[in-house]
Amino acid sequence: MRAIHYQRRRGQRRRDQRRKAALCVIGLLAAGPVGVSAAGEAAETRSGEKAVHRNAERRAAQKETGRTAGRGGVPQPAAEHIRVQGHYVSTMASSATKSDTPLVDTAQSVTVITRNEMDVRGVLTLNQAVRYAAGITANLRGGGVGTRYDLFQLRGFTVPTFLDGLKLQPSPTGYATAQTDTSRLERVEILKGPASALYGQSSPGGLVALSSKLPLDKRFYGGVTATGGSFDLYRVDADAGGYATENGFVRYRIYGTVNGQHSQLSRTGSRRFSISPAVTFGGDGPTTLTLLGNYQYDPENGSYGGVPLIGSLKPAAFGYLPRNFYDGDVSFEKFNRRQGAITYLFDHRFDKDWSFTSRGRYDDIRTIYRSVYDAGYWSGPYTLPRYVWGASEHTHNLAFDSHFNGHVRTGPLSHALMFGFDYMQQNATNLEISGSAPPLDVRDPNYDQAITRYPYMRYLTQQHQIGIYAQDEVRWRNLILTGSLRNDWYRSHQAETFQGSSTKETPTQITWRASGLYHFDFGLAPYISYSTSFQPQAGLVSNDGGKSFRQADPSLGKQLEGGVKYQIPGTPILLTAAAFHIEQTNVLVASATNAYSTQSGLVHSDGFEFEAHIDAYKNLMVTAAFSTQDVHDDSTGKPLIQSGKGNASLFAFYTMPSGWMKGFGIGGGLRYAARAYGGQATYGAVNVPSYVVFDASASYDLGALDPSLKRWKLRASVRNLFDRNYIANCLSYASYNQEYCYYGAQRNAQASIGYSW
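Residues numbered from 1 in each chain as written. Predicted model: local features only at pLDDT ≥ 70, side-chain atom pairs only at ≥ 80, totals over all residues. Heavy atoms only, no water.

1. Description of the side chain of Gln296
Heads up, the rule is: Elements are defined by DSSP. Helices are runs of H or I of four residues or more, strands are runs of E of two residues or more, and each kind is numbered from the N terminus. The criterion used for residue contact is that any of the two residues' heavy atoms lie within 4.5 Å.
Here Gln296 lies in strand 16 (residues 287-301). Once you skip the residues sitting within four places of it in the chain, Gln296 turns out to touch Gln179, Asp181, Arg272, Phe273, Ser274, Arg337, Arg338 and Gln339.

Written out as structure tokens, the structure is:
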């Protein structure tokens, strides 16, 4: 009895220690470095994560080298086409081949950002999600402002975004462009290099592929998270789903968010309301149909302005402008966006070898935008001239993609075949306004002055693209050869009704890709690939000095990439390294004296990248990246404007598996951006200095404190932990006397409490 009593007392002391430790942790999370209040995470079940890793470890242990025996004894890729409760393992990706393929068997650079990583880092925007990847030039507008669009470069180029396999079509004039709230995403894949052979018109830098949260194979699940933080951040995210029928033949899921925050700039802020219902018919049968809807309303979204280069990167007569300087007008400033979409995802398995996939989306986006912005130069020691610009744009977009997948054998060769067809259509109307605003005295700014505006241009745009493509992935023993071929027919007509101008494009383009990869038995996989791209561009071109004109042809891209990948057998630890050379031709070069261009431009990007990923292996998550690149525009003899020289990053997060701190996780990271080229100023080339910022994260599973709290979790994160004051990027055109820069985001902390079931 005495021994039993002693054990009970010792157990009670341990529970008391845990409670005290938890109270300390809660106090730290609540206080935070800048007074954080409450926070949030998207609901995700621990059992799903464990099942994923158990399956990954079991498959890796079974094959040891990533191979299993196929028919006839020929080694085949492991059956990693496994999805557990909606969560893909981090070593799989589908963007490079349009089918689930192990990254170590993919002969192209792909970075995967999982839902777990986004939650741990406290990601709120796509800009924040991608900035730990190699080759990213992040925060082109600074990160603290201009958050209404996702602005970053990949390997020196701006890149398109795809959602659920379909392109989010940008507006022809740049205003009515959709933005996806990251709370509705399951994962993000960054496909690097030209990808037109499968996706049509795209950037030489690659693309970003987003995947929505879809209904899961669970009877009932969900979660609610409340978040608060710096600049009066508030968020409420909710997610719920389950079986709509007893046998799970019909499943549903609905998630949404209400959020808002003041901007880094004084007197500006953002608000958002978003809801996304989804229903899946077919259960686990051979035929499934998912209908996915989304409606998002952004009543306001901060400011899009910058600050003059003189006064930010370089000192003005009075010194430097503060980071919260606002150059607009409170009563005139407006950004209102409504976007709605309906998507279908259809899959059918004919047999074990052949299947059919089809998906389509209709979306409707309307944006009303008005802004007063500074001219990028000074008219007096303290006086900033200002201009007025605005737009009211409405776009209707259709996108479809369907393809057959099959597996056949020819002697010792195994073929994974794909034949597909896709179609995109866009109709857009846009009324733009211009005007003038009184200058601003930065010593005593008046943000409520009389603004003059008038209609300036009215655009009507129609665009269509039809593409057919085919791919063959040939395997022989450990060798994988992939070839892709595509033909696109693109048509565009844009009319400006005020001046009666009209332009048309009707290009046809063939693009292709070829690659080879050899997967050694011990896990190493060297590869080489060649891929091409095309990208339509607007503008008039003259080849005879302005005597005759034609619409510009698409710019063309090509890339040669070689690299090596290594996945430690039996683990989700993946190391990748790649070197690449990209050329973009047919680039428009503006005439120095006339309003036309020639297509004599050549841009090339040469670089090297390294990445290491450990996703929640033995309670440790690590993301490390390094890149160096040289992006050069031959038409100017300078780097491509806003392109950086490379980046480096490291983020690690560890969760205590046992002991009195069980359930407590802590980690942090650093982000280094090499210097960037910001254009030409009146004094010469603009070189934006390199910078380093630090981030930190913490979490606590309250179930470790008390079993009755097992569904509760606390999280906290801080970006720019030491509040580094830096210039993120600049955009300068000396010929127009416009020289802008963008301050980096200030320290920004948040904390959340979430309940899941």
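Right, picking up where we left off after that structure.
2. Here's the deal with the sheet that holds strand 17 (residues 307-308)
Operational definition: The criterion for strand pairing is that DSSP finds at least two bridges linking the strands in question.
If you walk across this open sheet you meet the five strands as 17-41-40-36-37, and the pairing is mixed. Unpaired on one side and paired on the other, strand 17 and strand 37 (684-688) mark the two borders of the sheet. Pairing between strand 17 and strand 41 (residues 738-743): two bridges, direction antiparallel. When the sheet's bridge partners are listed, Pro308 is paired in strand 41 with Tyr740.

3. Here's the deal with the pairing of strand 38 (residues 691-701)
To be explicit about the condition: Relative accessibility decides the category of a residue: with a 1.4 Å probe and only protein chains considered, values under 20% of the type maximum give buried, values over 50% give exposed, and everything between is partly exposed.
Most of strand 38 is tucked away: eight of the 11 residues are buried. Here 10 bridges tie strand 35 (residues 664-673) to strand 38, and the two strands are oriented antiparallel to one another. Bridge assignment links Gly669 to a residue of strand 38, and that residue is Asp695.

4. Comments concerning the nonpolar core
Basically, it comes down to this: In these notes, a set of buried Ala, Val, Leu, Ile, Met, Phe, Trp, Tyr and Cys residues joined through side-chain atoms within 4.5 Å is what counts as a nonpolar core.
Residues Leu103, Val110, Leu191, Tyr199, Leu207 and Leu517 are the most contacted members of the largest nonpolar core, which totals 22 residues. If you list the elements that add at least two residues to this core, you get strand 5 (110-114), helix 5 (196-199), strand 11 (206-212), strand 26 (524-535) and strand 30 (573-590). If near-sequence neighbours (up to four positions away) are discounted, Leu191 is found in contact with Ser95, Ala96, Gln108, Ser109, Val110, Leu154, Tyr199, Gly205, Gly206 and Leu207. Ranked by size, the runner-up nonpolar core spans 21 residues in total, among them Leu265, Ala676, Val688 and Tyr743.

5. Things to note about empty space enclosed by the protein
Think of a ball as big as a water molecule: rolled over the atoms, this probe shows where empty space is left. For clarity, the cut-off: Cavity and pocket criteria rest on a 1 Å grid covering protein atoms alone: a 1.4 Å probe that fits but cannot get out defines a cavity, protein on both sides within 12 Å along at least 5 of 7 lines defines an open pocket, and an atom within 4 Å of a point defines a lining residue. Grid points are joined across faces, edges and corners, and a volume is the space filled by probe spheres set on the points. All amino acids are sorted into three groups, where Ala, Val, Leu, Ile, Met, Phe, Trp, Tyr, Cys and Pro are nonpolar, Asp, Glu, Lys and Arg are charged, and the leftover types, Gly among them, are polar.
This model, assessed by the stated rule, comprises 17 cavities of 30 Å³ or more. Approximately 700 Å³ is the volume found for the largest cavity. Contributing elements (two or more residues each) for the lining of the largest cavity: helix 4 (126-130), strand 13 (233-243), strand 14 (250-262), strand 15 (269-281) and strand 16. In terms of residue count, strand 14 provides more of the lining of the largest cavity than any other element does, four residues in total. Partitioning the lining of the largest cavity into residue classes produces nine nonpolar, 23 polar and 10 charged.

6. Looking at the environment of Val587
Counting through the fold element by element, Val587 comes out in strand 30. C-alpha separation for the pair Val587 and Gly601, spaced 14 residues apart in sequence, amounts to 4.3 Å. Filtering out sequence-adjacent residues up to four positions away, Val587 remains in contact with Gln537, Thr598, Gln599, Ser600, Gly601, Leu602 and Val603.

7. Quick look at the sheet that holds strand 11
In space, the five strands of this open sheet follow the order 5-10-11-8-9, with mixed pairing throughout. Because the sheet does not close on itself, it has two edges, and the strands there are strand 5 and strand 9 (166-167). As paired elements, strand 8 (residues 161-163) and strand 11 share three bridges and run parallel to each other. From the neighbouring strand, Phe162 faces strand 11, where its bridge partner is Ala209.

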